[in-house]
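Topology and contacts: notes
So you can see what is in the structure, the chains are spelled out below.
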Amino acid sequence: MGNFLLGFGIGVTVGVLFAPKSGSETRQYLADRANEGSDYLMNQGQQLKETASDLLDKGRNVVMNQKDKLSDMVGSAAGQAKESFQRQS
């Protein structure tokens, strides 16, 4: 990772030194690109948050549906057992 950052830094430095634009234009260009990158990361983070929230809601709904189905099955089995016991008595 350290070598990558060193190479990146050298590449940026060489690029700035040999840039066809003036220093102020190059600095503005780099600032604009940094802002675009920051905005992109913020948007990706927001989308990830929304996706995780949606998945959590879907998972919660599945669990609640299964709980309701299981509760209905247990209630039905209990009712049938009660009826069977009453018939035998």
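Preceding this section is the structure that the text describes.
In this report, we go over the structure that sits alongside the text.

Definitions and limits used
Residues numbered from 1 in each chain as written. Predicted model: local features only at pLDDT ≥ 70, side-chain atom pairs only at ≥ 80, totals over all residues. Heavy atoms only, no water. Helix = DSSP H or I, 4+ residues; strand = E, 2+ residues; numbered from the N terminus. Rg over C-alpha atoms; globule rule 2.2 N^0.38 Å. Buried < 20%, exposed > 50% of the residue type's maximum accessible area, 1.4 Å probe, protein only. Lys, Arg positive; Asp, Glu negative; His and termini not counted. Charge placed at Lys NZ, Arg CZ, Asp CG, Glu CD. Patch = residues over 30% accessible without salt bridge, like charges linked within 9 Å, V, L, I, M, F, W, Y side chains within 5 Å. Areas by Shrake-Rupley, 256 points an atom, 1.4 Å probe, with all protein chains shown as cover. Salt bridge = Lys/Arg side-chain N within 4 Å of Asp/Glu carboxyl O.

On to the overall build of the protein chain, then. When you go through the protein chain residue by residue, the secondary structure sums to two helices and zero strands. The C-alpha radius of gyration of the protein chain comes to 32 Å, more than 25% above the 12 Å expected for a compact globule of 89 residues. Seen through its principal axes, the protein chain has C-alpha atoms that stretch 100 × 25 × 10 Å. Buried positions account for 1% of the 89 residues belonging to the protein chain. Averaging the positions of the 10 positive and the 10 negative side-chain charges in the protein chain gives two centres separated by 7 Å.

On the surface, F4, L5, F8, V12, V16, Y29 and L30 cluster together to form a nonpolar patch covering roughly 670 Å² of accessible area. Within the residue set of the nonpolar patch, elements represented by two or more residues are helix 1 (2-17) and helix 2 (23-88). With five residues, helix 1 is the largest single contributor of residues to the nonpolar patch. Looking at where F4 falls in the secondary structure, it is placed in helix 1.

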